[in-house]
Amino acid sequence: MFDSDQWTQLLEGFLEEARDLLKEAEDNLLRLEQASDDGEAINALFRAVHTLKGSAGIFSLEPLVALAHQLENQLMGVRDGQRGLTPALVSLMLQCMDELNGMVESIDPQRGTLAAHTPRQRELLLALGGSVADSGEARAEVAEAAGEINEWFLSIRFDNELLRNGFEPSSFLRYLDRLGRIESLQTLAWAVPDLHGLDAEACYLGYELTLRSAASREELLDVFALAEDFCTLRLQQQEDEDSTPPVVEPPEAQTLAPAPQVAAPVVSSEPRSAQGSSMVKVAAHKLDELINLVGELVISTAGAHMQSLRSGSTACLESVQAVQQHVEQIRERALKLRMVEVGETFNRFHRVVRDVSQALGKQIQLTLSGSDTELDKTLIDRIADPLVHLVRNAIDHGIEPADERRAAGKPAQGSLRLNAFHDSGMIVLEVSDDGRGLNTQRIREKAIARGMLDADAQLSDQDIHLLIFEAGFSTAEAVSNLSGRGVGMDVVRSAIDELRGIIEIDSQPGQGCTFRIRLPLTLAIIDGFLVSVGDDHFVIPLDMVTECMEERADALDAGGHLNLRGKPLPSVDLGRHFGLRGDPRARRNIVVVSQGRQQAGLIVEQLLGELQTVIKPLGQMFQHLSGISGSTILGSGQVALILDIPSLFRQLQQRAESEPRLAATPSMPSLSGESPCK
Amino acid sequence: MATVTLHPASDKQPARLDVRGDLTIYEASDTRQALLELLAQDPGPWALDLGGLDELDSAGLQLLLSLQKTLVQGAQVIDLSAQARTLVDLLRLESLYPAGAASAGEE
């Protein structure tokens, strides 16, 4: 019924779902560990594992089903109060979830196979208290699901005359039950009148059910063939695992359950409550396509606006302006679609902190704030790993062991804080600890020993701290399996650079250390500042521009520095840098850009002002170009290149380093543009 | 036909309706009459003791649902025979599960 492409697609859908479910399960388990009486958490946890087992069954992923099954059994014990949720049990369950995660990641969507680590799994199964043979039950469930299973949604309404003609409605259900598995069923009894109005031999019932079955549409219709005059049947193949049957449920249906304690909401109502929130899952690439198109729309409206200005027709201009306004709104909404709250990513740090602090025998309290801050989904995905590095690093190096902390007069329990907030068009993510802070002296010594720094170089503490982000730098005396291998921090730096972000360190010896990451809100659109050299246009990300000024003649010295209010400012002549032919008579301007604490000047010809622009990535051919991060199309149809300021800064840095003679003299400005001692 | 007996309410217990025998399409109409007569004596609440049911089909089930709807004050099922249970299970009719058993499953 499915060709292999469709199958692969289904399986990929499952993988996505499985990851979400496992994450949900883990979050809820950790929540439960904090508050063991959180009934909502246990139910959500149970549902997630149960759904995972069910879905895995469809794809015959047996090891996954077996483990999920055992986990579910344990959870049932906890939910029903037969087992206490001890820390040991939580650890075991977390291990199981890791194992499940590992299995999910090992699934090959092409072939639908999965690599299970049998001995480890056996161990987990035993630890979970189930004998290995016990998983036979789960396997039976899977065997039943072998073959091409479809999910069908059936809506059946019976005619009043059905019973009088000798049919028994429940016999259809018994028959369907043999063709497959009835996943959920609702008997529609709202049409049953009260006793006074009841015709006891008329039929008032109807059913809505979902059925997982390998049977074809014809086979299912055949079930009702004999009674086809007496029922109305709607049969629908579920396209999507996620979509829930549209249950028609008039309000009277509720009054049928007279005793409130009769409702057993946990498993039977699962398909609806699990996906209770009205969310629509959309493939990320579809969203990207939409945003890309909206970007095109912005560009073409700008073009239309220009044309209407040129035509001089007021009516035309007015309508174009209306269009433009709507396009603006559409663009804002479209971009918001990509925004997700950072809290989801933050929550996973409970687990990281728990694991790392246990491994190191440290007590750590994690505080999260600003969880509702919104950020582009792609950014969140790509910043998560660097954040994990920073958190691990803080626990490993930053926070001292308990006795050392007590000796320093601090509480034995270390505190780690994750914070997110918006700040002038950027999002700021902070990882702060109350540990010992960075050891400036040791970093400096290490850097000198590794030849990264001249022994007599004058650097501010800030600049020394930033050295820990250089490749191959690690000051930990003992290499642990958590950090200290010198791979983490430079990976953090390059990940942040790629996202057009910057990282800063605030460290107070003995007080703690804060790593502050600043990221643009979205990767798709920037507020830019348009400049030109001759006929070539460049866009500078607006939030990096600090000021603009007119260039005075021969202001640039031989070392490439300008004098900015008495301070030397390393500068680049854009025209010369990119080998462009500018207009020699044109007046030239300087745009001062800053990145964190660094400043530099860009010498350009014309300043054309602000514009909001959609970033188009450069084609494959131009990907190695340094100094350019993308392009955009102006309203006039011209192409403007977006300057990659961080990479320009790096080039300036290299230029400064290639003149070591100058670097050693105190008069040589550091890139920070600030005085070295402070 | 099914015998329906209503044991009157005692000080704290609601009246208990005892349903015995078969309750199928063949008995449904007569049983409805019998129930209507009982309703005239006592408008509820009743506890439904379905432990003595022998055979139950959809028509009988419908009658029970209709009775529950009529007894707005309350018609808790306090017992359910094994025969009847198969059908109630199949149809997943929570309102016909014995009250005690359902809440025990939740603990």
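What you see is a predicted model; the values in this text were computed from it and never measured. (Residues numbered from 1 in each chain as written. Chains lettered and ligands numbered in written order. Predicted model: local features only at pLDDT ≥ 70, side-chain atom pairs only at ≥ 80, totals over all residues.)

A.B. asks: Where do I start with the overall build of chain A in this structure?
C.D. replies: Each helix and strand in chain A was counted, giving 20 helices and 21 strands. Put simply, 70% of the contacts in chain A that link residues at least 6 apart link residues at least 24 apart. (Helix = DSSP H or I, 4+ residues; strand = E, 2+ residues; numbered from the N terminus. Contact = placed C-beta atoms within 7 Å.)

A.B. asks: How should I be thinking about the overall build of chain B in this particular structure?
C.D. replies: Of the regular secondary structure elements, chain B holds four helices and four strands. Taking all 107 residues of chain B together, the buried fraction comes to 46%. Pairs at least 24 residues apart make up 72% of the contacts formed inside chain B by residues separated by at least 6 positions. (Buried ≥ 20, exposed ≤ 12 C-beta atoms within 10 Å, placed from the backbone.)

A.B. asks: Is there a simple way to explain the sheet that holds strand 1 (residues 3–7) of chain B in this structure?
C.D. replies: Hydrogen bonds along the backbone pair up the strands of a sheet, which may run parallel or antiparallel. Residue and element names in this part refer to chain B. Taken in spatial order, the four strands line up as 1-2-3-4 in an open sheet, and their pairing is mixed. The outermost strands of the open sheet, each flanked by one partner alone, are strand 1 and strand 4 (75–80). Strand-to-strand, the axes of this sheet are offset by a mean angle of 20°, without reference to chain direction. Against the sheet, helix 3 (residues 82–91) contacts strand 3 (46–56) and strand 4, and its axis sits at roughly 95° relative to strand 3. (Pairing = 2+ DSSP bridges. Axes fitted to C-alpha atoms, helices over the stretch in contact; angles between N-to-C directions.)

A.B. asks: For this particular structure, what's the right way to read the confidence of the model for chain A?
C.D. replies: Low pLDDT means the predicted atomic positions in that stretch should not be read closely. Residues and elements named next belong to chain A. When pLDDT is averaged along chain A, the result is 76; 82% of the residues meet or exceed 70. Looking at the elements of chain A, mean pLDDT is at its lowest for helix 9 (residues 270–274), recorded as 39, and at its highest for strand 13 (residues 536–541), recorded as 90. Segment residues 661–678 is flagged for pLDDT under 50; beyond a separation of four residues in sequence, or across chains, it makes 38 contacts in the model. (pLDDT = per-residue confidence, 0-100.)

A.B. asks: I'm lost on the pairing of strand 11 (residues 512–520) of chain A in this one. Help?
C.D. replies: The two faces of a sheet get side chains in turn, since along a regular strand they alternate between them. Residue and element names in this part refer to chain A. Across the nine residues that make up strand 11, a large majority, seven, are buried. The pairing of strand 9 (residues 426–433) with strand 11 spans eight bridges and is classified as antiparallel. Within the sheet, the bridge partner assigned to valine 431 lies in strand 11 and is phenylalanine 515.

A.B. asks: Looking at this structure, I do not really get the confidence of the model for chain B. What am I missing?
C.D. replies: All names here are of chain B. Model confidence for chain B is summarised by a mean pLDDT of 81, while 89% of its residues fall at 70 or above. With pLDDT under 50 throughout, residues 101–107 is counted as low confidence; its partners more than four residues away or in other chains account for nine contacts. Scoring the predicted complex yields pTM 0.46 and, for the interface, ipTM 0.85.

A.B. asks: Mind showing me how you'd approach helix 13 (residues 377–398) of chain A here?
C.D. replies: Every α-helical turn comprises 3.6 residues, leaving residues that sit three or four positions apart pointing alike. Given a rise of 1.5 Å per residue, 22 residues ought to cover 32 Å, and the 29 Å separating the end C-alpha atoms of helix 13 of chain A matches this to within 8%. In the structure, helix 13 of chain A departs most strongly from a straight axis at Ala384(A), where the bend amounts to approximately 35° and where the proline Pro386(A) lies between one and four residues downstream. (Expected span 1.5 Å × (residues − 1). Bend = angle between axes of the 7 residues up to and from the residue.)

A.B. asks: Would you mind showing me how to read the sheet that holds strand 18 (residues 598–604) of chain A here?
C.D. replies: Residues and elements named next belong to chain A. Pairing in this open sheet of five strands is mixed, and the strands run 14-17-18-16-15 from one edge to the other. Both outer strands of the open sheet, strand 14 (545–550) and strand 15 (561–564), are each paired with one neighbouring strand and no more. On average, each strand axis in the sheet is inclined to that of its neighbour by 35°, with strand direction left out of account. Alignment of strand 14 against strand 17 (residues 589–595), held across five bridges, turns out to be antiparallel. Bridge assignment links valine 545 to a residue of strand 17, and that residue is valine 593.

A.B. asks: I tried to follow the packing of helix 3 (residues 62–79) of chain A against helix 4 (residues 87–106) of chain A on my own but got confused; where do I start?
C.D. replies: Packed helices, taken two at a time, are described by the angle between their axes plus the distance between the axes. Residue and element names in this part refer to chain A. Remark: helix 3 packs on helix 4, axes separated minimally by 10 Å, with the N-to-C direction vectors making an angle of 160°. Between helix 3 and helix 4, the angle falls in the class roughly antiparallel. Crossing geometry of helix 3 relative to helix 4 is assigned as left-handed. Judged by residue contacts, Pro63, Leu64, Leu67, Ala68, Leu71 and Gln74 of helix 3 engage Met93, Cys96, Glu99, Leu100 and Met103 from helix 4. Taken together, the residues of the contact of helix 3 with helix 4 sort by class into nine nonpolar, one polar and one charged. (Parallel < 35°, antiparallel > 145°, perpendicular 65-115°, else oblique. Left-handed = near helix turned anticlockwise from the far one by under 90°. Nonpolar A, V, L, I, M, F, W, Y, C, P; charged D, E, K, R; others polar.)

A.B. asks: So what exactly am I meant to see when it comes to the environment of Phe538(A) here?
C.D. replies: Residue and element names in this part refer to chain A. Looking at the element boundaries, phenylalanine 538 is found in strand 13. A tally of 23 C-beta atoms within 10 Å means that phenylalanine 538 is categorised as buried. Along the chain, phenylalanine 538 and alanine 640 lie 102 residues apart, while their C-alpha atoms are 5.1 Å from each other. Ignoring anything within four residues of it in the chain, the contact list for phenylalanine 538 reads Val531, Ser532, Leu574, Ala640, Leu641 and Leu643.

A.B. asks: Before we go on, may I ask you to explain the packing of helix 7 (residues 169–179) of chain A against helix 3 of chain B in this structure?
C.D. replies: One way to put it is that helix 7 of chain A packs onto helix 3 of chain B with a least axis distance of 10 Å and a crossing angle of 70°. For the element pair helix 7 of chain A / helix 3 of chain B, the angle class is roughly perpendicular. Note on packing geometry: the crossing formed by helix 7 of chain A with helix 3 of chain B is left-handed. Residues Ser170(A), Leu173(A) and Arg174(A) of helix 7 of chain A form the contact with helix 3 of chain B, whose own contacting residues are Leu87(B), Leu90(B) and Leu91(B). Here the residues of the contact of helix 7 of chain A with helix 3 of chain B sort into four nonpolar, one polar and one charged.

A.B. asks: What exactly am I supposed to notice about the nonpolar core here?
C.D. replies: Taken as a class, soluble globular proteins show a tendency for nonpolar side chains to be buried jointly. With 55 residues, the main nonpolar core has Val19(B), Leu48(B), Leu50(B), Leu63(B), Ala84(B) and Val88(B) as its most contacted residues. With residues up to four places along the chain from it excluded, the contact list for Val19(B) reads Ala2(B), Val4(B), Asp49(B), Leu50(B), Gly52(B) and Leu53(B). The next biggest cluster of nonpolar side chains, apart from the first, holds 38 residues, and it includes Val353(A), Val391(A), Leu418(A) and Ile503(A). (Core = buried A, V, L, I, M, F, W, Y, C linked by C-beta atoms within 7 Å.)

A.B. asks: Looking at this model, I keep getting lost on the pairing of strand 9 of chain A. Mind explaining?
C.D. replies: In terms of strand pairing, strand 8 (residues 414–423) of chain A meets strand 9 of chain A through eight bridges, oriented antiparallel. Residue pairing across strands places Asp423(A) opposite Met426(A), the latter belonging to strand 9 of chain A.

A.B. asks: For this particular structure, what's the right way to read unusual backbone geometry?
C.D. replies: The bulk of non-glycine residues show a negative phi, and the bulk of peptide bonds are trans. For Arg92(B), which is not a glycine, the phi torsion comes out positive at approximately 50°. Under the C-beta neighbour-count criterion, Arg92(B) is labelled partly exposed, with 19 such atoms within 10 Å.

A.B. asks: Is there a simple way to think about the environment of Thr113(A) in this case?
C.D. replies: For Thr113(A), the location among the structural elements is in the loop between helix 4 and helix 5 (118–127). Each C-alpha atom, one on Thr113(A) and one on Phe59(A), is 9.2 Å from the other, the two residues being 54 residues apart in sequence.

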